[in-house]
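Listed below, chain by chain, are the residues.
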Amino acid sequence: MTDYTELAPGSRVWIFQADKELSADEAKAISNELLQFVDNWLSHGDLLKAHYKILHNRFIVFLADEEGNNMCGRAIDASVRFVKELEKKYSVSLLDRSRVGYIKDGKVEACTLDELGQRIEDGEITAHTLVFNNLVSTKEEFDKSWTVSLANSWHRSFILQNQ
């Protein structure tokens, strides 16, 4: 696995949010499998400079430095197949993009996009609540804006459109 600091700012990022908090044992087992995957992740037949993170026992983050070459579709497909295998093996949903993660009282909570509006109305989530922007696509964006206040996130426009 490539050290995080060695990845270029433009390295691609994929974030998969679990529908539940992973136990310490699950996170450890998944981490071992992720290490095996990134250590053997190929694009155009070449080993990728890749890294992974498990954050808050809720997010799996893949990073890949394409080194001037576009990542091939097979490499991306391989990562999605791998994530689907993790879903089955650990009874967790990782590919549901309708889930929103946010921080409440120092802990990561989650809801669906449909539930977000209600949680705002109930006062559980405010404009200052930190939300996770799982749509960031580069390491630089991940470092700078993975967590942002709801007021500064794309989620805000989604809520305004659906009220």
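Structure first, text after, so check above.
Residues numbered from 1 in each chain as written. Predicted model: local features only at pLDDT ≥ 70, side-chain atom pairs only at ≥ 80, totals over all residues. Heavy atoms only, no water.

(A) Main features of the side chain of glutamate 87. By secondary structure assignment, the location of glutamate 87 is in helix 2 (residues 73-90). Notably, glutamate 87 is buried but unbridged: the nearest opposite-charge side chain belongs to lysine 84, and the N-O separation is 7.0 Å. Looking at glutamate 87, its side chain comes within polar contact range of the main-chain nitrogen of leucine 94, at 2.6 Å. Setting aside residues no more than four positions away along its own chain, glutamate 87 makes contact with Val92, Ser93, Leu94 and Leu95. (Helix = DSSP H or I, 4+ residues; strand = E, 2+ residues; numbered from the N terminus. Buried < 20%, exposed > 50% of the residue type's maximum accessible area, 1.4 Å probe, protein only. Lys, Arg positive; Asp, Glu negative; His and termini not counted. Salt bridge = Lys/Arg side-chain N within 4 Å of Asp/Glu carboxyl O. Polar contact = N/O pair within 3.5 Å; in protein donor to acceptor, adjacent residues only side chain to side chain. Contact = heavy atoms within 4.5 Å.)

(B) Main features of helix 1 (residues 24-39). An ideal rise of 1.5 Å per residue puts 22 Å on 16 residues; helix 1 measures up with 22 Å between its terminal C-alpha atoms. Residues Glu26, Ala27, Ile30, Ser31, Leu34, Phe37 and Val38 constitute the buried set of helix 1. One side of helix 1 carries all its buried residues, which in axial view fall inside an arc of 130°. Those residues of helix 1 that are exposed and angled more than 90 degrees off the buried face are Asp25, Lys28 and Gln36. (Expected span 1.5 Å × (residues − 1). Arc of directions from axis to C-beta.)

(C) Expanded view of the nonpolar core. Counting 26 residues, the largest nonpolar core has Leu34, Trp41, Phe62, Leu86 and Leu94 as its most contacted members. Contributions of two or more residues to this core are made by strand 1 (12-17), helix 1, strand 4 (49-55), strand 5 (59-65) and helix 2. Top element by residues in this core is helix 2. It accounts for six residues. Once you skip the residues sitting within four places of it in the chain, leucine 94 turns out to touch Phe16, Gln17, Ala18, Ile60, Val83, Leu86 and Glu87. Ranked by size, the runner-up nonpolar core spans 12 residues in total, among them Val13, Val61, Leu63 and Val108. (Core = buried A, V, L, I, M, F, W, Y, C linked by side-chain atoms within 4.5 Å.)

(D) Representation of helix 2 in the model. Between its first and last C-alpha, helix 2 extends 26 Å over 18 residues, near the 26 Å set by a 1.5 Å rise per residue. Residues of helix 2 that are buried include every one of Ala75, Ala78, Ser79, Phe82, Val83, Leu86, Glu87 and Tyr90, and no others. Contacts made by the buried residues of helix 2 are with strand 1, helix 1, strand 2 (42-43) and strand 5. Among the residues trailing helix 2, serine 91 stands out with phi positive, at a value near 50°.

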